[in-house]
Amino acid sequence: MRKVELTGGRALTQADLNRSGALPREVMDAAEDIVRDVRDRGDAAVREYCTRFDGACPESFRVPDELVKAASSMVDPEFLESLTRARDQILAFHQKEREESWFTTRPDGTLLGVQVTPVASAAVYVPGGRAQYPSTVLMDAIPAKVAGVPRVVMVTPPQRDGSLSAYTLAAAALAGVDEVYAVGGAQAIGAVAYGTESIPACDKIVGPGNAYVAAAKRYVSGDVGIDMVAGPSEVCVLADATADPVVVAADLMAQAEHDPLASCYLVTCDATLPDRVLAAAEKLVSQSPREEVTRASLDNRGVIVVADTLDAAVDAVNVVAPEHLELHCKDAMSLLGKVKNAGAIFVGAWSSEPLGDYVAGPNHTLPTGGTARFSNPLGVYDFQKRSSVICYTPEGMLADAPATQAMAQAEGLWAHALSVGMRRRLAEKGLEGYADADAACEGAHRVAWPEDLAVPGVPYLPGYSKREA
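Worth saying up front: this structure is predicted, and the values here are computed from it rather than measured.

Asker: Can you help me understand helix α12 (residues 291–301) in this one?
Answerer: Since the α-helix advances by 3.6 residues per turn, residues separated by three or four positions end up pointing in the same direction. Of the positions making up α12, those classed as buried are Val293, Thr294, Ser297 and Leu298. Seen from one end, α12 has its buried residues packed into an arc of 125°, which puts them on one side. The exposed residues of α12 that point more than 90 degrees off its buried face are Glu292, Asp299 and Asn300. Buried residues belonging to α12 abut α10 (245–256), β10 (263–268), α11 (273–285) and β11 (302–307).

Printed below as a string of structure tokens:
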């Protein structure tokens, strides 16, 4: 792990983190080509890419409902019990996120509010390559169902022998997924974004994937909704002298084993802790069945930040803006208000990040790559739309009409002012409508702009002088 020392009041910078940033252009180009081809040729294109990249292409992309339901009987009962516990706790958490429509009225009778409705359909992408992720199925499908999405679709790639993960299918059945399609990669994103002969399009696409899946999601964003463009997983451990180096080492490894590109950050104000953590990690990594992946992540993407004070360490954490943040500090809860940027915050030494990955309840689909500065965890709100509701009475319209017309006049939008002015004249005369349309159109200029606004002054930037016309 690379070490960064913040001495003499130096603050951590983005350059210190050496993040890779945006998706490589060649990945974006390849993903865009695949998506465009799927949009143009439908199932035929999907079949070609599935055969090329997955080595398998089923006769029908739709996984039979009977096979999805049967998966629960194929897994160990203890796993199914654990999956059910996770489902129940994730469901309980997300039910508290659900927003309801609301309305309010002014004294003049004007009604304003928000109408909340679910999206009509959502697609959940679940990877199926190096590892299986039934937890992702629960985390992505459950908030959609809590939001009231009537059609939740799962897409996941088959193995080369045409098999699917019983874990993944059992999770789909438990989460209430309505349809499952055996297709993965950028071609799956193109299919659920634009639809094919056998895969209907969806309004929202969520879930993690490799760089090509992320690039495809970025490309279709705007035509459909997406949750985020997620990069490799990351964890940041903020630790003081009270932290146990063995536990900290295990927590860093818990992210490192995901992916050679996963990022692990240790931020501390104890100068002796890093060496003790590294020594423990060396002993533990050598015993891991995922040693190669874990070691690559720690060696190539690991960063240790040593600060002079705990406050400086917290400031560094806010620069990292990590996906997962663990607070291994004395009185960890007292630090919570100082943390401004993090996808999920695990407070105290007992709060292992994997608890959040699987069963705690809050969503594990989180912003990566520093995007926690402006992004949120996946939630019910991602599957709900908000429509503003505006209902004026004549009295309310008359109260707001002058201000509306003046602002429209300042922007030079005459018909905007006219739209209000025509109503204003009706209301002032106590009429429901105009009996004579031709007469109503006469003198429209003054109906729109009853008064001429004074010519505004001209603010000049410093260093510029007023030029003669």
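Asker: Mind showing me how you'd approach unusual backbone geometry here?
Answerer: Glycine aside, the phi torsion of most residues is negative, and most peptide linkages are trans. Phi angles above zero are rare outside glycine, and Ala321 is one such case at about 45°. Here Ala321 shows up in the loop between α13 (310–320) and β12 (324–328). At Asp331, a position not held by glycine, the phi torsion is positive, near 55°. Here Asp331 shows up in the loop between β12 and β13 (344–347).

Asker: Mind showing me how you'd approach the layout of surface pockets here?
Answerer: In this approach a probe as big as a water molecule rolls over the atoms, and the regions it shows empty are the leftover space. Estimated volume of the second largest pocket: approximately 360 Å³. Secondary structure elements with two or more residues in the lining of the second largest pocket: α5 (77–95), α6 (134–147) and α14 (353–358). Of the residues assigned to the lining of the second largest pocket, the class counts are 11 nonpolar, 4 polar and 4 charged.

Asker: Any chance you could explain the pattern of salt bridges here in plain terms?
Answerer: Pairing between side chains of opposite charge can happen when their charged atoms approach one another. The final tally for this structure, using the stated rule, is 23 salt bridges. With a closest N to O distance of 3.8 Å, Glu100 and Arg98 form a salt bridge. Judged by relative accessible area, which is 54%, Glu100 ranks as exposed. A relative accessible area of 39% means that Arg98 is categorised as partly exposed. For the salt bridge of Asp311 with Lys338, the shortest nitrogen-to-oxygen distance reads 3.1 Å. Of the two residues, Asp311 sits in helix α13 while Lys338 sits in the loop between β12 and β13, which places them 27 residues apart along the sequence. Take Asp311: its relative accessible area is 43%, and that puts it in the partly exposed class.

Asker: Is there a simple way to think about the nonpolar core in this case?
Answerer: For soluble globular proteins, the rule of thumb is that nonpolar side chains tend to be buried together. One finds Leu138, Val149, Met154, Val177, Val180 and Phe383 to be the most contacted residues of the largest nonpolar core, which totals 36 residues. Secondary structure elements with two or more residues in this core: α5, β4 (121–125), α6, β5 (151–156), α7 (166–175) and β6 (179–182). The element that contributes the greatest number of residues to this core is α6, accounting for 8 residues. Apart from the residues within four sequence positions on either side, Met154 is in contact with Val124, Val126, Val137, Thr168, Leu169, Ala172, Val177, Glu179, Val180 and Tyr181.

Asker: What am I meant to see in a nonpolar patch on the surface here?
Answerer: Taken together, Val458, Tyr460, Leu461 and Tyr464 make up a surface patch of nonpolar side chains, about 470 Å² in accessible area. Locating Tyr464 in the fold gives a position in the segment after α18 (444–448). Residue class for Tyr464 comes out exposed when judged on its relative accessible area of 52%.

Asker: How do you make sense of the sheet that holds strand β2 (residues 102–105) when you look at a structure like this?
Answerer: Pairing between the strands of a sheet comes from backbone hydrogen bonds, and it takes one of two forms, parallel or antiparallel. Spatially, 3 strands are ordered β2-β3-β14 in an open sheet, and the strand pairing comes out antiparallel. Two strands bound the open sheet, and with one partner strand each, they are β2 and β14 (384–391). Across this sheet, the average inter-strand angle for adjacent strands is 15°, counted without regard to direction. Examined bridge by bridge, strand β3 (residues 111–118) and β14 share 8 bridges and lie antiparallel to one another. Note that in β14 the partner of Leu112 across the bridge is Ile390.

Asker: Where do I start with the packing of helix α8 (residues 185–194) against helix α9 (residues 211–220) in this structure?
Answerer: A packed helix pair is summarised by two numbers, namely the angle formed by the two axes and the spacing between the axes. Running from N to C, α8 and α9 cross one another at 25°; their axes reach a closest spacing of 7 Å. In terms of their interaxial angle, α8 and α9 are classed as roughly parallel. The handedness of the crossing between α8 and α9 is right-handed. Here Gly185, Ala186, Ile189, Ala193 and Tyr194 of α8 lie close against α9, whose contacting residues are Tyr212, Val213, Ala216, Lys217 and Val220. When the residues that make up the contact of α8 with α9 are grouped by side-chain class, the tally is 8 nonpolar, 1 polar and 1 charged.

Asker: Help me out: how do you make sense of empty space enclosed by the protein in this one?
Answerer: Considering all chains together, one arrives at 1 cavity of 30 Å³ or more under this definition. Here the lining of the largest cavity is built from residues that sort into 5 nonpolar, 2 polar and 1 charged.

Asker: Would you mind going over helix α16 (residues 414–429) with me for this structure?
Answerer: Given a rise of 1.5 Å per residue, 16 residues ought to cover 22 Å, and the 22 Å separating the end C-alpha atoms of α16 matches this to within 8%. Taken together, the buried positions of α16 are occupied by Ala417, Leu418, Val420, Gly421, Met422, Arg425 and Leu426. In this fold, the buried residues of α16 make contact with α15 (394–410), α17 (437–441) and α18. Taken from the residues just after α16, Gly430 is the one with a positive phi, measuring 70°.

Asker: Any chance you could explain the sheet that holds β10 here in plain terms?
Answerer: Spatial strand order, β1-β11-β10-β9-β12-β13: 6 strands in an open sheet with parallel pairing. The open sheet is flanked by β1 (2–6) and β13, the only strands paired with a single partner. Each adjacent strand pair in this sheet contributes to an overall mean axis angle of 15°, direction not counted. Across the sheet, α11 touches β1, β9 (234–239), β10 and β11, and the angle it forms with β10 is around 145°.

Scoring rules and cut-offs
Residues numbered from 1 in each chain as written. Predicted model: local features only at pLDDT ≥ 70, side-chain atom pairs only at ≥ 80, totals over all residues. Heavy atoms only, no water. Buried < 20%, exposed > 50% of the residue type's maximum accessible area, 1.4 Å probe, protein only. Helix = DSSP H or I, 4+ residues; strand = E, 2+ residues; numbered from the N terminus. Arc of directions from axis to C-beta. Contact = heavy atoms within 4.5 Å. 1 Å grid on protein atoms, 1.4 Å probe; cavity = no way out; pocket = protein on both sides within 12 Å on 5 of 7 lines; lining within 4 Å. Points joined across faces, edges and corners; volume = space filled by probe spheres on them. Nonpolar A, V, L, I, M, F, W, Y, C, P; charged D, E, K, R; others polar. Salt bridge = Lys/Arg side-chain N within 4 Å of Asp/Glu carboxyl O. Core = buried A, V, L, I, M, F, W, Y, C linked by side-chain atoms within 4.5 Å. Patch = residues over 30% accessible without salt bridge, like charges linked within 9 Å, V, L, I, M, F, W, Y side chains within 5 Å. Areas by Shrake-Rupley, 256 points an atom, 1.4 Å probe, with all protein chains shown as cover. Pairing = 2+ DSSP bridges. Axes fitted to C-alpha atoms, helices over the stretch in contact; angles between N-to-C directions. Parallel < 35°, antiparallel > 145°, perpendicular 65-115°, else oblique. Left-handed = near helix turned anticlockwise from the far one by under 90°. Expected span 1.5 Å × (residues − 1).

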